[in-house]
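Each chain is listed here by its residues.
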Amino acid sequence: MTFELTPEQQDIQRTTRAFAEAEIAPIAAQIDDEASFPKTTVAKLGEMGLLGMNIPAEYGGPGADFVSLALATKEVSRACASHGVVMSSMNGLVCWPLLTYGSEAQKRRYLPELAQGRLLGAFCLSEPGSGSDAAGLQTTAQEDGADYVLNGSKAWASNGGEAGVFLVFVRTDATQKQKGISCLVVDRETPGLTVGRKERTMGIRGSSTVQVHFENARVSRERLVGAPGQGFPIALATLDGGRFGIGAQATGVAMACLEEAVAYAGQREAFGEVIGHFQSIRAMLAEVATNIEAARWLTLHAAWLRDQGRPAGTAGSMAKLFASRTAVAAADANVQIHGGVGYTRDFPAERHYRDAKILEIYEGTTQIQQMVIADSLLGRHR
């Protein structure tokens, strides 16, 4: 990988940053306060091609590379973590598996609408009783003629409150564990599908995260994504491949924290001088800045590996592991440097502090990333 971005990548980064600074950053505090989904700006992300960046032109997308996706996700997340999770989940958890494993009919039906933001999607793998142990899911899909009949509940469906389509992982064979799981694409208006209330989360309050319930929901077998029993490998490939997106989100959040901390340290006075002159403050800033640079390159490297068609699962886990820790540490330092005012809602520091923590949890906790990395070292990586 060279250390120079292509002109196209630079243009995507520049354009996304300009939009994020002009239209997303000014509303970030409001959507956090109101816990409201930012429909208008999300629609504009779709119009810009940022919700399905890797979808090729034949299916209505811009056909951008993964490095460009990482750059754009970082810029959106720098302005607002809630927008960042909407964008990342659309690209990595919905569009990519449909593009990779969906039938031609499914691609033609859904990808143009998803790519252009006219339709939002949600990824439904976790359940109230199974998070990290995805193979333990209990939602069933029993064959009945030409249909599957779904029963069960899904948890933590990002975008779920606004989604028009759901990728749902279900148990189609009760006698198997991993091999008994399949994936279905399910429309919101399907009878028997109901969307639960929005979760009251600590951070990313603009993201519509919900439970999704199925009670005798009938879905045609034509909605099967991939082959029967292929659901678990599809889920793992989706999560493995998309973790650089969390790295990009985390890097963006950390950058926002550093920029705010530097600005405050350069103007806040104590004991007759600006606090940026104090050795302890300077050491905190230097540490955060160095870790952000490392997180940025880990993330871009994982994205570049995907562009080269090379294995990127371990690199993505490393990027997520390190960048999410960096975001949490940067948010903590930002609050500490701001002092008492950093603990109030008058400054963005406390919002970043709340937003950052989820980056160590969703799409595979820190501990899951450690398992993936250790497995690769010991020759057990899938």
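Residues numbered from 1 in each chain as written. Predicted model: local features only at pLDDT ≥ 70, side-chain atom pairs only at ≥ 80, totals over all residues. Heavy atoms only, no water.

Colleague: Even after reading the chapter, I still don't get the nonpolar core, so can you show me in this structure?
Modeller: General note: in soluble globular proteins, nonpolar side chains tend to be found buried as a group. If you look at the biggest cluster of nonpolar residues, it comprises 64 residues, and the most contacted ones within it are I24, M87, L98, L114, L125 and F169. Examining the composition of this core, we find that nine residues originate from one element, helix α5 (residues 81–101), more than from any other. Counting 28 residues, the second-largest nonpolar core is a separate cluster that includes A254, L258, A261 and Y264. (Core = buried A, V, L, I, M, F, W, Y, C linked by side-chain atoms within 4.5 Å. Buried < 20%, exposed > 50% of the residue type's maximum accessible area, 1.4 Å probe, protein only. Helix = DSSP H or I, 4+ residues; strand = E, 2+ residues; numbered from the N terminus.)

Colleague: How should the pattern of salt bridges be read in this particular structure?
Modeller: Tallying each qualifying case throughout the model produces 25 salt bridges. We note a salt bridge from D32 to R205, for which the minimum N-O separation is 3.8 Å. Of this pair, D32 sits in helix α2 (residues 28–34) while R205 sits in the loop between β6 (193–198) and β7 (210–220), and the two are 173 residues apart along the sequence. According to the relative accessible area criterion, D32 is buried, its value standing at 4%. (Salt bridge = Lys/Arg side-chain N within 4 Å of Asp/Glu carboxyl O.)

Colleague: Explain helix α6 (residues 104–115) here, please?
Modeller: Given 3.6 residues per helical turn, the α-helix brings residues three or four places apart onto the same face. Between its first and last C-alpha atoms α6 spans 16 Å; for 12 residues at 1.5 Å apiece the expected length is 16 Å, and the two agree. Check the buried side of α6 and you find it contacts α3 (39–47), α5, β1 (121–124), β4 (165–171), β5 (181–187) and β8 (224–225). Taken from the residues just after α6, G117 is the one with a positive phi, measuring 75°. (Expected span 1.5 Å × (residues − 1). Contact = heavy atoms within 4.5 Å.)

Colleague: Please explain the pairing of β4 as it appears in this structure.
Modeller: Of all seven residues in β4, seven are buried; the element is thus mostly enclosed. Burial along β4 is two-sided: the face carrying V165, L167, F169 and R171 and the face carrying F166, V168 and V170 are both buried. As paired strands, β1 and β4 are joined by four bridges and run parallel to one another. Residue A122 lies in a different strand from β4, and its bridge partner there is F166. (Pairing = 2+ DSSP bridges.)

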